[in-house]
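# Examining the three-dimensional arrangement
Here is what each chain is made of, one letter per residue.
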Amino acid sequence: MKKIEQTIKPYDDKTFNTMLAGSYVQYMRSCLIWQFVRLIVINIKMLKVVVKSH
Amino acid sequence: MARLVVLGGGVSGHTAATFAREWLGKEHDVIVITPNSQWNWIPSNIWVGVGDMRKEDVVFDLAPVYSKAEIVYEQARALSIHPDGDENNPNPFVTVEYTNEERNGEKAEIEYDYLINATGPKLNFNATEGLGPDEGYTVSVCTEDHAVHASKELEKIIKKLKNGEKQKILVGTGHGTCTCQGAAFEYILNIESVLRRRGVRENAQIKWISNERFLGDFGVAGAHIKSRGYIIPSKIMTESLFVERGVDWIVGAHVNKIEAGSVHYELLDGTTGEEEFDFSMLLPPFCGVGLKAYSRTGEDITSRLFAPNGFLKVDANYTQKPFEEWDADDWPKTYQSPEYGNIFAVGIAFAPPHAISKPALSPSKTPISPAPPRTGMPSGIIGKAVAHSICDMINGKSDKPTHEASMAHMGSACIASTGSGFFSGTAMALTVYPIVPDYKRYPGTGRDLEYSFGEIGLAAHWVKHILHHLFLYKAKLKFGWTKIPE
């Protein structure tokens with residue numbers, strides 16, 4: 001897989017000037033154990049907004 | 001006995017009608033008038049549009065659901081409102097034209113005591129020459145049938161990519177005043193995901209074009225989230241994702257003409273450009289469905305009830321004023337018509353007082369900024385609040401609306417799919433509170449950062465999938481449906 005930094009083009013307005021997710025963050029986005037934890041967290045965060053909005 | 005008529009059976013109208021039926025005694029009638037025979041869970045259309053879901057997965061027949069709930073269902077298109085009746089009929093009524101096979105084209109008058117306008121928008125493809133799947137050169141995912149068509153067109157592109165041909169894909173908004181950028185955002189990233197999954201990504205050039213001032217505006221002036229000690233704008237999150245996925249972008253664009261294989265646009269700085277494409281999904285702008293209103297004597301009073309864009313005026317502050325003077329209190333609370341106390345509008349059908357994102361004009365005075373979205377969660381909450389108010393009024397508890405649901409005092413929980421797959425899917429979970437930024441209460445960002453959250457990952461995709469099934473379950477009025485929040 002191409003490393004994320006290889007997508008950056010020096011002094012390019014778009015790729016050079018934004019924050020990018022490194023390989024650790026990208027791995028955690030699909031890590032099953034961590035994502036089960038996040039599933040609970042996301043549901044709690046969303047429920048807070050839903051409760052406040054009703 | 002009272003009769004509540006709901007025009008439209010989308011998210012907002014369906015929510016209002018079903019809760020009203022639940023809360024009103026059987027001596028009262030609830031009637032839904034909608035030209036569609038099926039209910040569509042629109043947020044999942046983007047998955048139909050890339051071939052990951054079938055049309056049957058996102059729709060169901062309305063007739064058996066309404067029959068079970070004892071809601072009178074008229075498959076018809078509303079044409080006009082007569083709030084004072086006419087010379088032959090002293091009662092308020094709407095005129096409709098049937099769209100079902102048995103009575104197609106037949107017109108009728110349906111009386112009401114209370115009326116909810118929940119017609120949703122007209123998809124105004126005519127606003128841009130060459131826009132849309134019917135008479136233009138672009139596809140759409142706004143309806144389930146549009147999404148099926150988009151999927152077939154995308155499949156042709158994938159075949160060409162497999163043959164080694166280079167293809168250009170352009171997704172975004174097809175006019176300077178479009179809304180619902182979130183749907184286009186989901187669609188472009190799902191296309192990118194599908195092309196990777198099918199091993200043809202290398203040959204495809206994917207580009208975003210939208211009327212947003214910045215990426216991640218989404219028609220709600222963007223959002224800020226707290227993450228790892230930083231306060232991060234949605235612009236950074238979106239740009240980051242686009243760069244990661246190799247998606248280029250053009251923002252601040254008013255698409256003014258589309259020809260076979262090319263889009264012409266004007267930018268906020270006044271420059272113009274042309275972008276070629278092999279496949280393009282561009283959203284249309286929305287306007288009202290063209291309902292007319294007449295007085296008892298037959299005088300056209302449409303402009304008294306409706307704003308120039310065709311949406312129904314409600315209890316909002318429609319005074320024209322500059323962005324700096326916009327106020328959270330401009331936004332409607334009860335959604336009651338100021339002209340007639342028994343008429344309400346919910347979902348996209350109500351006229352917003354102004355945009356949410358800061359307006360912008362090009363040097364040639366072309367408006368290029370998103371219209372405010374009123375779909376999804378707020379649409380359902382507004383429908384339920386209006387149903388509650390009307391039920392209280394019918395039951396004699398009050399002569400005024402009893403429930404409020406201002407978008408300036410309501411949050412939104414949004415899941416934007418960025419690719420499907422039980423183990424390989426990802427989505428962006430985003431919550432904001434309130435939807436309409438209140439820069440007086442929350443200086444700077446306009447939002448309460450305690451309730452603003454954002455994250456990209458597989459878990460958010462699972463949530464999106466769960467919500468797909470949960471909201472279809474709820475809309476079918478299955479056991480416990482009233483306990484599921486909007």
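Note on numbering: residues in each chain are counted from 1, in written sequence order. Throughout, the order in which chains and ligands are written sets their labels, letters from A for the former and numbers from 1 for the latter. It should be noted that, the model being predicted, local features are given only for residues of pLDDT at least 70 and side-chain atom pairs only at 80 or more, the latter also being counted only at that level, while totals for whole chains, interfaces and linings use all residues.

## Re the overall build of chain A
Selection rule: Note on conventions: DSSP H or I runs of at least 4 residues are helices, E runs of at least 2 residues are strands, and numbering of each starts at the N terminus. To sort residues by exposure, count the other C-beta atoms lying within 10 Å of each residue's C-beta; 20 or more gives buried, 12 or fewer gives exposed, and values between give partly exposed, all with C-beta atoms placed from the backbone.
If you tally the helices and strands in chain A, you get 2 helices and 0 strands. Oriented by its inertia axes, the alpha-carbon framework of chain A measures out at about 45 × 30 × 10 Å. Relative to its 54 residues, chain A shows a buried fraction of 13%.

## Regarding the nonpolar core
Residue and element names in this part refer to chain B. The condition that has to hold: For the purposes of this analysis, a nonpolar core is taken to be any set of buried Ala, Val, Leu, Ile, Met, Phe, Trp, Tyr and Cys residues that are connected through C-beta atoms within 7 Å. Here, residues touch in the contact sense if the C-beta positions derived from the backbone fall within 7 Å of one another.
Counting residues in each nonpolar core, the largest one holds 149 residues, and the members touching the most others are Val6, Ala16, Ile188, Ile191, Val346, Val386 and Ile390. For this core, the leading source of residues is helix H8 (residues 377-394), giving 10 residues. Apart from the residues lying within four places of it in its own chain, the contact partners of isoleucine 191 are Val50, Leu154, Ile169, Val171 and Ile206.

## Things to note about the packing of helix H1 (residues 11-23) of chain B against H8 of chain B
All names here are of chain B. Here is the rule we go by: Note on geometry: axes are C-alpha line fits, over the in-contact stretch for helices, and angles between N-to-C directions span 0 to 180 degrees. Crossings are sorted by hand: turned counterclockwise from the far helix by less than a right angle, the near helix makes the crossing left-handed, and turned clockwise it makes it right-handed. Charged residues are taken to be Asp, Glu, Lys and Arg, nonpolar residues to be Ala, Val, Leu, Ile, Met, Phe, Trp, Tyr, Cys and Pro, and polar residues to be all remaining types, Gly included.
One can describe the packing of H1 onto H8 by two numbers: an axis separation of 8 Å at closest approach and a directional angle of 35°. Crossing of H1 over H8 shows right-handed handedness. Between H1, through Val11, Ser12, Gly13, Thr15, Ala16, Phe19, Ala20 and Trp23, and H8, the contact on the second element is made entirely by Ser379, Gly380, Ile382, Gly383, Lys384, Val386, Ala387, Ile390 and Cys391. The class makeup of the residues in the contact of H1 with H8 is 10 nonpolar, 6 polar and 1 charged.

## Quick notes on the interface of chain B and chain A
Each side of the interface is counted separately: chain B has 25 residues, and chain A has 23 residues. If you list the elements that add at least two residues to the side of chain B that touches chain A, you get helix H6 (234-245), strand S23 (426-432), strand S24 (453-457) and helix H9 (458-475) of chain B. Taken together, the residues of the side of chain B that touches chain A break down into 16 nonpolar, 6 polar and 3 charged.

## Points about the sheet that holds strand S16 (residues 262-267) of chain B
Residues and elements named next belong to chain B. Where we set the bar: Pairing between strands requires that DSSP locate at least two bridges from one strand to the other.
If you trace the 3 strands from one edge of the open sheet to the other, you get S15-S16-S17, paired in antiparallel fashion. Each edge of the open sheet carries a strand with a single partner, namely strand S15 (253-259) and strand S17 (272-276). Each neighbouring strand pair of the sheet contributes to a mean axis angle of 25°, computed without reference to strand direction. The pairing of S16 with S17 spans 5 bridges and is classified as antiparallel. Paired with serine 262 across the two strands is glutamate 276, which belongs to S17.

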